[in-house]
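# Chain and residue survey
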Amino acid sequence: VQLQASGGGLVQAGGSLRLSCASSGRTFSSYSMGWFRQAPGKEREFVAGIKWGGSGTYYADFVKGRFTISRDNAKNTVYLQMNSLKPEDTAVYHCAASSRAITTTMRSEGTYDYWGQGTQVTVSS
């Protein structure tokens, strides 16, 4: 499975961006997907995740109500709609895929088997 993230950029605080992550695999629909981010000098952290069937979505507390994760299995793509962006959202955002994630492990990096290269999101104040 190869993942290609895109959609990052520079935006003012309060603005919006939509990230996309396209998969080359034929079995995309069988993978749970996650978005993680890493800011300079910080650990990588979980942002949002979605189960393989799209029935379950999971969010970090700091993005609840602002970000929405979704997927289009026909297009082998997962999205992260980011609204009301804040300067502290500035980071490199990575998408990841897991064939074995369960509810209790969706937020764990170790659950994910495949990672995209990341896309930079910069939010100016």
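The rules behind these values
- Residues numbered from 1 in each chain as written.
- Predicted model: local features only at pLDDT ≥ 70, side-chain atom pairs only at ≥ 80, totals over all residues.
- Heavy atoms only, no water.
- Pairing = 2+ DSSP bridges.
- Helix = DSSP H or I, 4+ residues; strand = E, 2+ residues; numbered from the N terminus.
- Axes fitted to C-alpha atoms, helices over the stretch in contact; angles between N-to-C directions.
- Buried < 20%, exposed > 50% of the residue type's maximum accessible area, 1.4 Å probe, protein only.
- Core = buried A, V, L, I, M, F, W, Y, C linked by side-chain atoms within 4.5 Å.
- Phe/Tyr/Trp six-rings, centres within 6.5 Å; stacked < 30°, edge-to-face > 60°.
- Lys NZ or Arg CZ within 6 Å of the ring centre and 35° of its normal.
- Contact = heavy atoms within 4.5 Å.
- Polar contact = N/O pair within 3.5 Å; in protein donor to acceptor, adjacent residues only side chain to side chain.
- Salt bridge = Lys/Arg side-chain N within 4 Å of Asp/Glu carboxyl O.

Another aspect to go through is the sheet that holds strand E7 (residues 67-72). Paired through their backbone hydrogen bonds, the strands of a sheet run either parallel or antiparallel. Overall, antiparallel pairing links the four strands, which are arranged E1-E3-E8-E7 in an open sheet. Strand pairing shows two members of the sheet lacking a second neighbour, strand E1 (3-6) and E7, which therefore form its edges. For this sheet the average axis-to-axis angle between neighbouring strands, irrespective of direction, equals 15 degrees.

Bringing the side chain of serine 20 into the picture now. Tracing the backbone shows serine 20 in strand E3 (residues 17-23). A residue is classified by how much of its surface remains accessible, and serine 20, at 17% relative accessible area, is buried.

Looking now at the nonpolar core. Counting 36 residues, the largest nonpolar core has Met33, Trp35, Leu80, Met82 and Tyr93 as its most contacted members. No other element matches strand E9 (residues 91-98), which puts five residues into this core.

Taken as a whole and assessed by the stated rule, the structure comprises five aromatic pairs. Ring centres 5.6 Å apart and planes at 75 degrees place the aromatic pair phenylalanine 36 and phenylalanine 46 in the edge-to-face group. Of this pair, phenylalanine 36 sits in strand E4 (residues 32-38) while phenylalanine 46 sits in strand E5 (residues 45-50), and the two are ten residues apart along the sequence. What makes phenylalanine 36 buried here is its relative accessible area of 0%. Taking the centre distance of 6.2 Å and the plane angle of 65 degrees together, the rings of tyrosine 112 and tryptophan 115 count as edge-to-face. Note that arginine 44 overlies the ring of tryptophan 115, its terminal NZ or CZ placed 3.9 Å from the centroid. In this structure, arginine 71 is placed above the aromatic ring of phenylalanine 28, and the distance from its NZ or CZ to the ring centre is 4.6 Å.

Moving on to the environment of arginine 66. By the secondary structure assignment, arginine 66 is in the loop between strand E6 (57-59) and E7. If we ignore the near neighbours within four places in the chain, the residues touching arginine 66 are Gln81, Met82, Asn83, Ser84, Leu85, Lys86 and Asp89. A polar atom in the side chain of arginine 66 sits 2.7 Å from the side chain of aspartate 89.

To continue, consider the pattern of salt bridges. Tallying each qualifying case throughout the model produces six salt bridges. When the shortest N-O distance is used, the salt bridge between lysine 64 and aspartate 61 registers 3.3 Å. For aspartate 61, a relative accessible area of 64% translates into the label exposed. Measuring nitrogen to oxygen at the nearest pair gives 3.0 Å for the salt bridge that ties arginine 100 to aspartate 113. On the criterion of sequence distance, the pair formed by arginine 100 in the loop between E9 and strand E10 (114-115) and aspartate 113 in the loop between E9 and E10 is long-range, its members being 13 residues apart. Assessed through its relative accessible area of 48%, arginine 100 is described here as partly exposed. Aspartate 113 gets classed as partly exposed once you look at its relative accessible area, which sits at 31%. A single salt-bridge network, built from bridges that share partners, covers Arg37, Glu45, Arg66 and Asp89.

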